[in-house]
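Okay, here's what each chain looks like letter by letter:
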Amino acid sequence: MRRVVVTGLGAVSAVGLGAEQTWQSVTAGKSGIGPITLFDVSDYSTRIGACVTDWDPSPWLDSKEARRLARFQQFAVAAAAMAMDDCGLEITDQNAERVGVIIGSGIGGLGTMEDQKEILLTKGPSRVSPFLVPMMIVDLAAGHISIRYNARGINYATVSACASGSHAIGEAAEAIKRGDADVIISGGFDCGITPLGLAGFASARSLSTRNDEPQRASRPFDLDRDGFVIGEGGAVLVMEELEHARARGAHIYGELAGYGASADAYHMTAPAPDGNGARRAMQQALDRARMNSGDVGYVNAHGTATDLGDAAETQAIKEVFGPDAPPVSSTKSMTGHLLGGAGALEGLISVLALERGVLPPTINYETPDPRCDLDYVPNVAREARVSAVMSNSFGFGGHNASLLFAAVDR
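Keep in mind the model is a prediction, meaning the values are calculated, not measured.

J.: I would appreciate a short explanation of the pattern of salt bridges in the present structure.
T.: Any two side chains of opposite charge can pair, so long as their charged atoms come close to each other. Following the criterion strictly, the structure yields 27 salt bridges and no others. The closest approach of N and O atoms between D307 and R225, which form a salt bridge, is 3.6 Å. Taken together, the positions of D307 in helix α11 (residues 307-321) and R225 in the loop between α8 (195-203) and β8 (232-241) put the pair 82 residues apart, joining distant regions of the chain. Overall, D307 belongs to the partly exposed group, its relative accessible area being 40%. Salt bridges linked by common partners bring R210, E213, R216, R219, D222 and E366 together as one network.

J.: Looking at this structure, I do not really get the pairing of strand β15 (residues 399-406). What am I missing?
T.: Along a regular strand, successive side chains alternate from one face of the sheet to the other. Among the eight residues in β15, seven count as buried, and that is most of the element. Pairing between strand β9 (residues 254-263) and β15: eight bridges, direction antiparallel. Pairing of G260 across the sheet is with S402, part of β15. The sheet contact formed by strand β14 (residues 388-395) and β15 spans eight bridges and is antiparallel. Among the inter-strand pairings, F394 is bridged to a residue of β15, identified as N400. If you look at the hairpin formed by β14 and β15, you'll find three residues sitting between the two strands, and G397 has a positive phi there, around 95°.

Cut-offs applied
- Position labels on residues start from 1 in each chain and follow its written sequence.
- Local features in this predicted model are restricted to residues of pLDDT 70 or higher, and side-chain atom pairs are both shown and tallied only at a pLDDT of 80 or more, whereas totals for entire chains, interfaces and linings draw on every residue.
- Derived side-chain values reflect all non-hydrogen atoms in the structure, with water molecules and hydrogen atoms excluded from consideration.
- One speaks of a salt bridge when a side-chain nitrogen belonging to Lys or Arg is within 4 Å of a carboxyl oxygen belonging to Asp or Glu.
- Each helix corresponds to a stretch of at least 4 residues labelled H or I by DSSP, and each strand to a stretch of at least 2 residues labelled E; elements are numbered beginning at the N terminus.
- Relative accessible area decides the class of each residue, using a 1.4 Å probe on protein chains only: under 20% of the type maximum gives buried, over 50% gives exposed, and in between gives partly exposed.
- Strands pair, by our definition, only if DSSP identifies at least two bridges between them.

In structure tokens form, the structure reads like this:
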């Protein structure tokens, strides 16, 4: 069977631009959460988020291009440029049909839709931008990257709420294993910090309201957690067939050894309380990798800091790994919840944890919850050489995805 490895990384988030800055922030326990300044939030119950502040697309897009791309698309193109520079792959007419792009998103150009609806109501239909539709639809992040790099292979988007980024990476690996491509630029992005997006999540009582201490607001697995903190951004991972990567001397971060996907079939927003869907996704990733649960040395949890979600994921991890469950942490305590971009950023962090032998912490973990009784790497990163790591993503609608990264020479 063809094996799939990671050869390039790029990221845009509140904790950094690029893989290295992201890694330095999360291993230092640095929070990217603060007051929302993208628009007036004075009337909102939640006024904090993990925003990409002072965003400047000019290193990757000229001003004309930038105006024609939604914010999530700008992030995707920028991270793809970082990842392609990192992997060192040259796309030519000879290999272009063997290079694909799969980029996920949960809500796409929500901010663009809001802005253009206001123009429609105040100035009339003739003033609505002709770029509304391509800026709005989810698949154009992958489309823009394909056009930029002349990548003519498989090209589409995954849309599965907060599992979108992980599904994109997993499906990219499956396509390479089938022989449909040799390289796929994969990842996920979302920009849900918009007036309507923030209002919707706040009305659903999903968000933390710890407005006076934003850097302490995201508290996965802690007894005093009160909801997730919304973030924005995402990441790109270049997935490549192992022998193809070796033949060109590429740097290999790790192998995507297993991928699991399942459905809760339970509720439109709440997880199955027993974690059954999450358990099956994790077990499927192990089975496909032909690995035992004891081979996994770290789990980067979905860990959103919601009451039901953290308890259900803990239960699922305990059922898969038994009494000797590995250390678990949630980097959302620092990055916030990037929605469709979360799994991609956490995949990037997970593969770096594997390569560098450091487990990022769960910050703000102060008061244990009896229902959440695992080792959550509290507050301080930990050195630990491991041979395999797992990254979990679970989305509204009961969508579950687990990615299992392993050292190539395990």
